[in-house]
Amino acid sequence: MQDIKTAGEPDEVGFCLYRSVAMPSLTADELSVIVDTASLNNRNMDLTGCLHHEDGLFFQWLEGPPIVLFRLLEKLRDDNRHLDMTILDQGTLPRRLFPDWQMRYSDRKAGSLMDWLQRRHDSSASSIGTFLRDIEILEEHAR
Ligand SMILES: Cc1cc2nc3c(=O)[nH]c(=O)nc-3n(C[C@H](O)[C@H](O)[C@H](O)COP(=O)(O)O)c2cc1C
């Protein structure tokens, strides 16, 4: 883990991890539009995070200025491209976990969250957060 004092981000950041059910009819093109819009908007809003899509579910980690973040969450609740949005964890962090990603996208090909949770016998929010960070590490090695 990086030392908090070396992270270069003195202010606490808000974060949120949620799960939702993707609209069954969602196409690959529509998914690309979601990721592209998210990346563009998040850059302007100083938000970072990741979106994992697997077995018809979305898991999204968002972090940044709390007010901006909570405004986006309200928009997300109204977005009919997904349903049953459930907040798994939220709070503040001393530093961002995804400082270099406006919205990193992953799916089962990058790593299976379901398989990973099953192996660990633990599907807690912190376990899901650990998985999301782990696949980032794998992708960084692949770059
Ligand atoms: C699963 C999912 C994740 C999304 N993630 C983001 C996001 O990280 N940032 C964002 O601005 N919009 C995201 N959106 C889109 C928003 O719900 C909303 O459509 C968009 O912010 C509206 O942008 P606009 O006001 O520029 O039209 C996401 C939508 C879905 C279905």
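So, how was this worked out
- Residues numbered from 1 in each chain as written.
- Predicted model: local features only at pLDDT ≥ 70, side-chain atom pairs only at ≥ 80, totals over all residues.
- Helix = DSSP H or I, 4+ residues; strand = E, 2+ residues; numbered from the N terminus.
- Buried ≥ 20, exposed ≤ 12 C-beta atoms within 10 Å, placed from the backbone.
- Contact = placed C-beta atoms within 7 Å.
- Near = placed C-beta within 6 Å.
- Nonpolar A, V, L, I, M, F, W, Y, C, P; charged D, E, K, R; others polar.
- Pairing = 2+ DSSP bridges.
- Axes fitted to C-alpha atoms, helices over the stretch in contact; angles between N-to-C directions.

Draft legend 1. The arrangement of the overall build of the protein chain in detail. A tally of helices and strands in the protein chain yields 4 helices and 5 strands. The N-to-C order of helical and strand elements in the protein chain reads β-α-β-β-α-β-β-α-α. Within the span of the protein chain, comprising 143 residues, buried residues form 22% of the whole. Put simply, of all contacts in the protein chain between residues at least 6 apart along the chain, 79% involve residues at least 24 apart.

Draft legend 2. Quick look at the site of the ligand. Around the ligand, 16 residues are found, and the nearest of them are Ala38, Asn41, Phe58, Asp79 and Arg81. Listing elements by their share of the shell around the ligand, those giving two or more residues are α1 (28-45), β3 (57-64) and α2 (66-77). At 5 residues, the largest contribution of residues to the shell around the ligand is made by α1. Of the residues contributing to the shell around the ligand, the split by class is 8 nonpolar, 5 polar and 3 charged.

Draft legend 3. Up close: the sheet that holds β3. The strand order across the open sheet built from 5 strands is β4-β1-β3-β2-β5, with neighbouring strands paired in mixed fashion. The strands lining the two open edges of the sheet, one partner per strand, are β4 (82-93) and β5 (104-107). Sheet twist, expressed as the mean angle between neighbouring strand axes with direction ignored, is 15°. Both strand β2 (residues 48-54) and β5 contribute to a ladder of 4 bridges, which runs parallel. Its bridge partner lying in β5, Cys50 is registered against Arg104.

Draft legend 4. Spatial organisation of the pairing of strand β1 (residues 13-22). Here 9 bridges tie β1 to β4, and the two strands are oriented antiparallel to one another. Considered in β4, the bridge of Gly14 is made with Thr92. Where β1 lies against β3, 8 bridges are found, and the strand directions are antiparallel. Residue Cys16 lies in a different strand from β3, and its bridge partner there is Leu62.

Draft legend 5. Inspection of unusual backbone geometry at higher detail. If you check the backbone angles, Asp84 has positive phi at about 50° while not being a glycine. Along the chain, the position of Asp84 falls in strand β4. By C-beta crowding, Asp84 is classed as exposed, having 9 other C-beta atoms within 10 Å. Phi angles above zero are rare outside glycine, and His121 is one such case at about 50°. Here His121 lies in the loop between α3 (113-120) and α4 (125-142). By the C-beta count within 10 Å, which is 7 here, His121 ends up exposed.

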